[in-house]
Amino acid sequence: MSDFQELEPIHFEGAMDYHVHCDYSIDAVGTIDEYCEAALKRNLAEICFTTHYDCNPVGDCQGNLISIKGEHKTTSIENLKPYVEDVRKAAEKYNLRGLSVKLGLEFGWFDNCQETAQKVKDAFAFDYFLCGIHEIENICFCCRSTYQKCFDRYSLEQMVEKYFQTAIKASDSGLFDTIAHLEYYIKYAKNYYKENLDNAYEPYLEELFKSLIATETTLEINTAGYRHGVNQYYPNIKIINRAKKAGVHVQFLGSDAHRPQDIGFDFEIAASFVPNTITGTEE
Ligand SMILES: [Zn+2]
Ligand SMILES: [Zn+2]
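From a predicted model like this one, the values you see are computed outputs, not experimental measurements.

Which residues make up the environment of Arg153, and what values do they have?
Inspection of the secondary structure puts Arg153 in the loop between helix H4 (147-151) and helix H5 (156-172). A relative accessible area of 34% means that Arg153 is categorised as partly exposed. Of the polar contacts made by the side chain of Arg153, one reaches the backbone oxygen of Glu137; its length is 3.2 Å. At 3.2 Å, the side chain of Arg153 and the backbone oxygen of Cys150 are in polar contact.

Give me the nonpolar core: which residues, what numbers.
Within soluble globular proteins, side chains that are nonpolar tend to cluster in buried spots. Within the largest apolar cluster, 99 residues are counted, with the highest numbers of intra-cluster contacts made by Phe49 and Tyr185. Membership of the second largest hydrophobic core comes to seven residues, among which are Met16, Cys48, Tyr128 and Phe252.

How would you summarise the coordination of the zinc ion (ligand 1) if you had to cite specific residues and measurements?
Only Glu106 (OE), His134 (NE2) and His181 (NE2) from the protein coordinate the zinc ion (ligand 1), and they sit 2.0 to 2.2 Å from it. Mapped onto the sequence, the residues coordinating the zinc ion (ligand 1) show the spacing E-x27-H-x46-H. Relative accessible area serves as the criterion here: at 0%, Glu106 is assigned to the buried category. Under the relative-accessibility criterion, His181 is labelled buried at 0%.

Can you tell me about the packing of helix H1 (residues 32-41) against helix H2 (residues 77-95), naming the residues and giving the values?
Two elements in contact, H1 and H2, have axes separated by 10 Å at closest approach and are oriented at 35 degrees. In the packing of H1 onto H2, the handedness of the crossing is right-handed. Across the interface between the two elements, Ile32, Asp33, Cys36, Glu37 and Leu40 of H1 pack against Asp86, Val87, Ala90, Lys93 and Tyr94 of H2. Taken together, the residues of the contact of H1 with H2 sort by class into six nonpolar, no polar and four charged.

A description of the pattern of salt bridges should follow, citing residues and the corresponding values.
Tallying each qualifying case throughout the model produces 13 salt bridges. Residue Glu37 is joined to Arg97 by a salt bridge in which the shortest nitrogen-to-oxygen separation is 2.8 Å. Taken together, the residues span a long stretch of sequence, with Glu37 in helix H1 and Arg97 in the loop between H2 and strand E5 (100-108) at a distance of 60 residues. Measuring nitrogen to oxygen at the nearest pair gives 3.5 Å for the salt bridge that ties Arg227 to Asp262. Taken as a pair, Arg227 in the loop between strand E10 (218-222) and helix H8 (237-246) and Asp262 in the loop between strand E11 (250-254) and helix H9 (267-270) lie far apart in primary sequence, 35 residues in all. Residue classification places Asp262 among the buried residues on the basis of a relative accessible area of 7%. One network of salt bridges, in which partners are shared, links Lys69, Asp86 and Lys89.

Run through the coordination of the zinc ion (ligand 2), naming residues and quoting values.
Protein-derived ligands of the zinc ion (ligand 2) are His19 (NE2), His21 (NE2), Glu106 (OE) and Asp256 (OD), with the metal-ligand distances lying across 2.0 to 2.3 Å. What the four donor atoms of the zinc ion (ligand 2) show is an angle range of 81 to 170 degrees at the metal, which sorts the shape as irregular. In terms of primary sequence, the donors binding the zinc ion (ligand 2) are separated according to H-x1-H-x84-E-x149-D. Between the zinc ion (ligand 2) and the zinc ion (ligand 1), a separation of 3.4 Å is found, and both are coordinated by Glu106. On the criterion of sequence distance, the pair formed by His19 in strand E1 (residues 16-20) and Asp256 in the loop between E11 and H9 is long-range, its members being 237 residues apart.

Describe the state of the cysteines, and please don't skip the residues or the numbers.
Using the criterion set out here, one finds zero disulfides in the structure. Here Cys140 stays unpaired: no disulfide links it, and the sulfur of Cys143, its closest cysteine neighbor, is 3.5 Å away. For Cys140, a relative accessible area of 1% corresponds to the buried category. No disulfide involves Cys150; its nearest neighbouring cysteine sulfur is the one of Cys140, lying 7.6 Å away.

Describe the pairing of strand E2 (residues 46-53), and please don't skip the residues or the numbers.
Extensive coverage of E2 is indicated by the burial of eight of its eight residues. Residues Glu46, Cys48, Thr50 and His52 point to one face of E2 and Ile47, Phe49, Thr51 and Tyr53 to the other, with burial holding for every one of them. Where E1 meets E2, three bridges bridge the pair, whose relative direction is parallel. Looking at E2, one finds that Met16 is bridged to Glu46.

The rules behind each value
- Residues numbered from 1 in each chain as written.
- Chains lettered and ligands numbered in written order.
- Predicted model: local features only at pLDDT ≥ 70, side-chain atom pairs only at ≥ 80, totals over all residues.
- Heavy atoms only, no water.
- Helix = DSSP H or I, 4+ residues; strand = E, 2+ residues; numbered from the N terminus.
- Buried < 20%, exposed > 50% of the residue type's maximum accessible area, 1.4 Å probe, protein only.
- Polar contact = N/O pair within 3.5 Å; in protein donor to acceptor, adjacent residues only side chain to side chain.
- Core = buried A, V, L, I, M, F, W, Y, C linked by side-chain atoms within 4.5 Å.
- Donors = N, O, S within 2.8 Å, 3.2 Å for Na, K, Ca; no water.
- Axes fitted to C-alpha atoms, helices over the stretch in contact; angles between N-to-C directions.
- Left-handed = near helix turned anticlockwise from the far one by under 90°.
- Contact = heavy atoms within 4.5 Å.
- Nonpolar A, V, L, I, M, F, W, Y, C, P; charged D, E, K, R; others polar.
- Salt bridge = Lys/Arg side-chain N within 4 Å of Asp/Glu carboxyl O.
- Tetrahedral: all angles 85-135°; square planar, octahedral: opposite > 155°, others 65-115°.
- Disulfide = S-S within 2.5 Å.
- Pairing = 2+ DSSP bridges.

Worth remembering: the numbers are spatial, not functional.
Okay, structure coming up:
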């Protein structure tokens, strides 16, 4: 990896990227060190690694794997240890250079995963525990190779209903700091369903917001949508503003970087929507 050498600094202090995949995620490239160096080049104050933890026993996506030094291993608490140790080491090393490094995990939601998620959460002292909803009824809607198979089963209304029912369940569990990239189905649904997606989520927002508030679960602003060509954050700004007005805590920006050069992606603009940066607005 050398592309991140050219990164420009973000022009404000205190920016934090709370959604970052290093090469322990099988779909990401770049070592923990390379991400930390990229974060320093971008002038970030803090970076939180959020490796994928996918373990749906009947899921069809990417084989429930963790990559350890390039070798694919089955996702398990045991196989997560090298990741946890490496992030902790980086936290010590980069603290001396002014970068705070946090330990997070993106747990891939599946039906009845609560007990499993709780065990994983309890196994390590995570700073941040994200819920990644990537599947509807066990088929991934955000991989190029599977999204059609997922969407073929539903009308737009059915798909969105199932997605939000899942998000509400994940929020109700109270297990997670944040529901990652809410409205992520947009990534492929925008082209698949040639209809207005805004009306489809409308019936579920109020119930979801109530649940998020009750369980003190936050939402992130995930900037990856502007790399995916859908020209919006996950979730979109209308949802973010309504969530904030309803009392939901919108806490962190996440680039969802899977390459070091995407650290802090689009944060100059996104920062105005969160309170955790110097340019952000506290509600
Ligand atoms: Zn995700
Ligand atoms: Zn992610």
